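Descriptive structure summary
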Amino acid sequence: MKTENPAEQRFENMATVMIATVAIWVAITAYFQNYAANISDQARRRAQQYSIEATKREVTGSIQFSYDWQGAFQTWEELSWQITAAQQNGDTAAEERYRQLQEKIIPLSKMLGDEYFNPNVGWPDSYKYESDAYLVEATRLSETYLAESDLGNFTDNVADSLIVQITLLTVSLSLYGLSMALKGRVRWLFIMVGSGIVALCVVWLGWSLVELLIRPEVNAEAIQAYADGTGLVYQAKHKEAIEKFSLAIQENPEYAKAYYERGLAYYELGDMTTAISEIEAARNAGLDDISLNWNLGWIYYLTGQYDLGIQTNERILNEHPEVLGMRMNQAISYLAKGDFENSQIQYDLLIQEAQQQVDEAHKNNTEPSASLWFYMDAGALDLQNLIDQLDNNPKGWTQAPDAGLILGEHNAVREFALKQMKRIKESTVSLEYTGTLPAKEASMQVTSFVIGQVAGTDADGFITSFEPAPNNIIPYGEDTFSIEFNYAGAAPSVMIWKVYRNGYEDQSLRIYTEEDLSAGNTWYKTFGYSFTNLFILTEGEYTVELYADNTLVQRGTFYVKQ
C-alpha cells in the first residue's frame, strides 16, 4: 500500500484549516449582513410610516386652517364690516344682530379662542396657530422620515457590501478546494490568490463594522428642537428660534439644516457675519442645494463680497440656468462690483431665459408660473434698492450694499441700473400680456404725474376740477387717489397702470385699458376703493407706473400719511 507524502499531508492539512477558517469567517460576515439588513428594513418601514404621518398631518392641518381662516374668521370679519356699515348708517338694531352672530362664531374655531385671537384687535395670530396646529409636528415627522431614510439607505449600503464580501469569500473557498486537487507550484498560486481575497475581506469587514458603529442615528431630541425652531421662525421669533436651533446642533453637531436655519435667523436679525458663517457651516455639513446657495450668494452681495457671491451663484447656474432669481443676483453682483460687461451678459441671459420659459408654457397650452413674474419684479426692485443706496435714500424695505461698498463710478452704476430696471419692467409687462418681448419704444411722451383728488365733475361725468396733493401727500383716510397727466405723440392702443406700495405691487390697483386718448392731451386716472365704504388707502410710499404699448413712459411717487 502506497504511503502519502508527508509534505502533501501537511499541505492538505493546511488547506483544510484555511477552508474551515474561511467558512467560519463567511458565517460571521453573513451574521453582520443580516444584522445590517434588518436595521435597514426596519428603518425604511419607519420612514414610510413617518412620511405618511407627515403628509397626513400637513394636509389635515392645512384643511383645518383653511376652515378656521376662510370659514370662521372671514365670516367674523365680514360681520365686522357689516357692523361698521350699520354704525355709519345709524342702524343700532342691525349692529347688535351682527355682534350676536359674531359671538356665536367664536366658539366654532380654536383659532378664535383667547390664545390666538383678541376681538378688540380684530386679527388672529394665524402664524402661531398654524405652528401649534400642524407646522411644528409636520416638520418633526418629516425630519424623522428623512433621518430614518438616511439610516435605512446607509445600512442597506453596508449590507450590500457584506454580500459582496460573502461572494468573494466563497470564491476563496473554491480556490482553496481546487488547490488540493493540484500538484506543484500552481496550487500555491491558488492559495496565495485565495488568501489575498480573504485578507481583503478581513479588512473590509472591519471597516463595515466601523460603519455600523458610526451609522447615522435618529436623534429625536435634535429633531424636536429643530421643529420647534422652525415654528418660531414662522412666527418671526428669530431670537427664540436661534436658541432652539442651537439646541438641535448641540444634540447633533452634523445637523446641516439646523445650521442653515440658524444662519437665516441671524440674517433676519441683521447679523450678516454670523449668518454667513452659519450657512457656510451648513454647506460644509452636506447641505448644498439651490436654496442655500441662493441665500448665501445674496448675503455675500449685501456685504460687498461680490466675488464670493458670484462663485456661489455659479455653483447653481452652471446646471440650473432656469433659476431666474439667482441670475438676477448674479447680474446685480457684477454691477455692484463695477463689472458692467459681465452684468450686461447676465441681464441678457435673464431676459432670454424669461422668454424661453414663456414660450415653453405657451407651447404646452399653459400659463407661465406666477413665480416668473414675482422674480422679475423682485429683480427690478433690487435695482431700485441699489439706486436708493447710491442716492443716500434707503427705505425701510431696501436691501442693497452700503453705498461705500458699491464699486465703480457711482453715476455710471446708477445709469446702468436705471436702464436695466426699465428693461426688466417692460419685458415683464410685454411677456405677461403678449407673450413676446417689447418690439419697439412707444412714441407717447408723458409729462410728470400730478397726484391729487378729483374735485368736481359735470353731468356727463367729465372732470371739471382737480386738486393736486400738497407735497405729494394724500391724507390717511382717503379711499382713492387720482393722477393728472399730459402727453404728446401718438396715442397708445393699450395702457397698463401698475401701483406699488412700499416697493411691492398692489395688484388690486392694476388697470388695463384700451381707451382712446386721441380726443385730447390732458387725462385723469383714478385708483382706489370707491366701490365700497369699508376700505381706505393704507399708509406708505406709493409709486405709479404707466406702460404705453408695453413701454414704461412715466413713473410718479406720492405718500399716504396721517
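For the structure given in this document, a descriptive report is provided here. Everything numeric here is computed off the predicted structure, so don't read it as measured data.

This paragraph deals with the overall build of the protein chain. Of the regular secondary structure elements, the protein chain holds 14 helices and eleven strands. What you see for the protein chain is a C-alpha radius of gyration of 35 Å, clearly larger than the 24 Å of a compact globule of 562 residues, by over 25%. Its C-alpha atoms give the protein chain principal-axis dimensions of about 140 × 65 × 45 Å. For the protein chain, buried positions account for 43% of its 562 residues. Split by element, the accessible area of the protein chain, about 29000 Å² in all, is 53% carbon and sulfur. Of the charged side chains in the protein chain, 40 are positive and 75 negative, and the gap between their average positions amounts to 9 Å.

Moving on, we get to the packing of aromatic side chains. In this structure the tally under the stated criterion is 31 aromatic pairs. Judged by centre distance (5.4 Å) and plane angle (45°), the ring pair of Phe466 and Tyr524 falls under tilted. Within this pair, whereas Phe466 is found in strand β3 (residues 463-468), its partner Tyr524 is found in strand β9 (residues 522-528), the two being separated by 58 residues in sequence. What links up through ring pairs into an aromatic cluster is the set Phe65, Trp69, Phe73, Trp76, Tyr116, Phe117, Trp123 and Tyr129. The ring of Tyr559 has Lys561 lying over it, and the distance from NZ or CZ to the ring centre is 5.3 Å.

The pairing of strand β2 (residues 450-457) with β3 spans five bridges and is classified as antiparallel. If you follow Gly452 over to β3, its bridge partner there is Pro468. In this structure, the hairpin formed by β2 and β3 is closed by a connection of five residues, where Gly461 is found at a positive phi of approximately 90°.

Turning next to the environment of Pro107. Mapped onto the secondary structure, Pro107 falls in the loop between α2 (92-105) and α3 (126-179). Residue Pro107 is classed as exposed on the basis of its relative accessible area, which comes to 65%. Considering only alpha carbons, one finds Pro107 and Ala72, 35 residues apart in sequence, at a separation of 9.5 Å.

With that settled, consider a nonpolar patch on the surface. On the surface, Trp207, Val210, Leu213 and Ile214 cluster together to form a nonpolar patch covering roughly 450 Å² of accessible area. Examined against the element boundaries, Val210 turns out to sit in helix α4 (residues 186-213). With a relative accessible area of 34%, Val210 lands in the partly exposed category.

This part takes up the packing of helix α7 (residues 256-268) against helix α8 (residues 272-284). Between α7 and α8, the least distance of the axes is 7 Å, while the angle of their chain directions is 165°. By the angle between their axes, α7 is roughly antiparallel relative to α8. As for how α7 packs across α8, the hand of that crossing is left-handed. From α7, Ala256, Tyr259, Tyr260, Arg262, Gly263, Leu264, Tyr266 and Tyr267 reach across to α8, where they touch Met272, Thr274, Ala275, Glu278, Ile279, Ala281 and Ala282.

Turning our eyes to something else, we now look at the pattern of salt bridges. Tallied over the entire structure, the rule returns 24 salt bridges. Lys128 is paired through a salt bridge with Glu115; the nearest N and O atoms lie 4.0 Å apart. Within this pair, whereas Lys128 is found in helix α3, its partner Glu115 is found in the loop between α2 and α3, the two being separated by 13 residues in sequence. One continuous salt-bridge network, built from bridges that share partners, spans Asp377, Glu432, Lys498, Glu505 and Arg510.

Turning to the nonpolar core, a few remarks are in order. Grouped together as the largest cluster of nonpolar side chains are 57 residues, with contacts concentrated most on Tyr301, Tyr347, Met376 and Leu383. Top contributing element to this core by residue count: helix α13 (residues 370-390), with eight residues. Excluding residues within four positions of it along the chain, Leu383 makes contact with Ile332, Leu335, Tyr347, Ala417, Gln420, Met421 and Ile424. Ranked by size, the runner-up nonpolar core spans 25 residues in total, among them Phe449, Phe481, Tyr529 and Tyr542.

Once that is clear, we can look at helix α1 (residues 6-89). A rise of 1.5 Å per residue sets the reference length of α1, with its 84 residues, at 124 Å; its end C-alpha atoms lie 121 Å apart and thus fit the reference within 8%. Roughly 35° is the biggest bend found in α1, and it falls at Gln74. Looking one or two residues beyond α1, the residue adopting positive phi is Gly90, at roughly 75°.

To continue, consider the environment of Thr139. As for its placement among the helices and strands, Thr139 is situated in helix α3. In this structure, the C-alpha to C-alpha distance between Thr139 and Arg57, residues 82 residues apart in sequence, is 9.5 Å. Beyond its immediate chain neighbours, meaning those up to four positions away, Thr139 contacts Tyr226, Ala227 and Thr230.

Looking now at the pairing of strand β10 (residues 540-548). Most of β10 sits inside the fold, with nine of its nine residues counted as buried. Direction of pairing for strand β6 (residues 495-501) relative to β10: antiparallel, over a ladder of seven bridges. Directly across from Val499, in β10, lies its bridge partner Val544. Bridge analysis of β10 against strand β11 (residues 551-561) gives nine bridges, and the strand direction is antiparallel. What sits directly across from Ala548, in β11, is Thr551.

A few words on helix α10 (residues 306-317). Here α10 spans 16 Å end to end across twelve residues, near enough to the 16 Å set by a 1.5 Å rise per residue. Residues of α10 that are buried include every one of Tyr306, Gly309, Ile310, Thr312, Asn313, Ile316 and Leu317, and no others. Along the axis of α10, the buried positions cluster into a sector of 165°, meaning they face one direction only.

Notably, Asn471 is not glycine yet its phi reads approximately 60°, a positive angle. The topology assignment puts Asn471 in the loop between β3 and β4 (473-475). Non-glycine residue Asp549 carries a positive phi angle of around 50°. Relative to the helices and strands, Asp549 resides in the loop between β10 and β11.

Scoring rules and cut-offs
- Residues numbered from 1 in each chain as written.
- Predicted model: local features only at pLDDT ≥ 70, side-chain atom pairs only at ≥ 80, totals over all residues.
- Heavy atoms only, no water.
- Helix = DSSP H or I, 4+ residues; strand = E, 2+ residues; numbered from the N terminus.
- Rg over C-alpha atoms; globule rule 2.2 N^0.38 Å.
- Buried < 20%, exposed > 50% of the residue type's maximum accessible area, 1.4 Å probe, protein only.
- Areas by Shrake-Rupley, 256 points an atom, 1.4 Å probe, with all protein chains shown as cover.
- Lys, Arg positive; Asp, Glu negative; His and termini not counted.
- Charge placed at Lys NZ, Arg CZ, Asp CG, Glu CD.
- Phe/Tyr/Trp six-rings, centres within 6.5 Å; stacked < 30°, edge-to-face > 60°.
- Lys NZ or Arg CZ within 6 Å of the ring centre and 35° of its normal.
- Pairing = 2+ DSSP bridges.
- Patch = residues over 30% accessible without salt bridge, like charges linked within 9 Å, V, L, I, M, F, W, Y side chains within 5 Å.
- Salt bridge = Lys/Arg side-chain N within 4 Å of Asp/Glu carboxyl O.
- Axes fitted to C-alpha atoms, helices over the stretch in contact; angles between N-to-C directions.
- Parallel < 35°, antiparallel > 145°, perpendicular 65-115°, else oblique.
- Left-handed = near helix turned anticlockwise from the far one by under 90°.
- Contact = heavy atoms within 4.5 Å.
- Core = buried A, V, L, I, M, F, W, Y, C linked by side-chain atoms within 4.5 Å.
- Expected span 1.5 Å × (residues − 1).
- Bend = angle between axes of the 7 residues up to and from the residue.
- Arc of directions from axis to C-beta.

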